[in-house]
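Each chain, letter by letter, is given below.
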Amino acid sequence: MLAIVAMSASWAGPACAALGGDAASVAADGAELHGVVNSTSLPQYEIEEITADAGMRVREYVGRDGVVFAVSWAGPVLPDLQRLLGTHYVEYTTALAALSRPGLHRSVRIASPGLVVESGGHLRAYAGRAYLPMLIPAGISTADLR
């Protein structure tokens, strides 16, 4: 199971296509990360993976309609969740604030009908994913979004 951690948007790192947005920014995201963008085309969606020299890997899952329905990350630093989650960031922070355990968490899972965010890790080893359940193409398992 994916380890999960509460993460802040305090890291001033690169932007990525936001959940629910379009994939037009993938090339710009790759340039901002000083990374290489590789595309993998699957029958129902594409994976745009950005790999940076610094060890950060961001995957953007884009449906055939051109909408980003999921993002995942792994790397030595926390990503900028405000930029990754886009308009869903407020929902995430509101749910995070409502957790019964205040403060930093080694793991967190925020789940609502419209948004799921899971993240975790520790210094130099962070990983997570966020997805919009209603936009996941039919027949695709959330286990595929890693």
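That block above? That's the structure.
The rules we used
- Residues numbered from 1 in each chain as written.
- Predicted model: local features only at pLDDT ≥ 70, side-chain atom pairs only at ≥ 80, totals over all residues.
- Heavy atoms only, no water.
- Helix = DSSP H or I, 4+ residues; strand = E, 2+ residues; numbered from the N terminus.
- Buried < 20%, exposed > 50% of the residue type's maximum accessible area, 1.4 Å probe, protein only.
- Core = buried A, V, L, I, M, F, W, Y, C linked by side-chain atoms within 4.5 Å.
- Contact = heavy atoms within 4.5 Å.
- Pairing = 2+ DSSP bridges.
- Axes fitted to C-alpha atoms, helices over the stretch in contact; angles between N-to-C directions.

Asker: Would you take a moment to explain unusual backbone geometry for this structure?
Answerer: Among all residues save glycine, negative phi is the norm, and among peptide bonds the norm is trans. Not every positive phi belongs to a glycine, and arginine 124 is a case in point at roughly 70 degrees. Relative to the helices and strands, arginine 124 resides in the loop between β6 (116-122) and β7 (125-131). With a relative accessible area of 65%, arginine 124 lands in the exposed category.

Asker: What am I meant to see in the nonpolar core here?
Answerer: Trp73, Leu85 and Tyr92 are the most contacted members of the largest nonpolar core, which totals 22 residues. Every element with two or more residues in this core is listed here: β2 (45-52), β3 (57-63), β4 (68-75), α2 (81-85), α3 (89-97) and β5 (107-111). Counting 10 residues, the second largest nonpolar core, distinct from the first, contains Phe69, Ala70, Tyr131 and Ile140.

Asker: Would you take a moment to explain the environment of isoleucine 50 for this structure?
Answerer: Its place among the elements puts isoleucine 50 in strand β2. Look at isoleucine 50 and you get buried, because its relative accessible area is 0%. Counting along the chain gives 23 residues from isoleucine 50 to alanine 27, while the straight-line C-alpha distance between them is 8.9 Å. The residues contacting isoleucine 50, other than those within four sequence positions of it, are Val26, Asp29, Gly30, Leu33, Gly35, Val36, Val37, Met56, Arg57, Val58 and Glu60.

Asker: Is there a simple way to explain the sheet that holds strand β1 (residues 35-41) in this structure?
Answerer: Picture the strands of a sheet paired through backbone hydrogen bonds; they go either parallel or antiparallel. Read from one edge to the other, the open sheet built from seven strands follows the order β1-β2-β3-β4-β7-β6-β5, with strand pairing classed as antiparallel. Here the strands that pair on one side only, and so sit at the sheet edges, are β1 and β5. Pairwise comparison of adjacent strand axes, ignoring direction, gives a mean angle of 10 degrees for this sheet. The pairing of β2 with β3 spans seven bridges and is classified as antiparallel.

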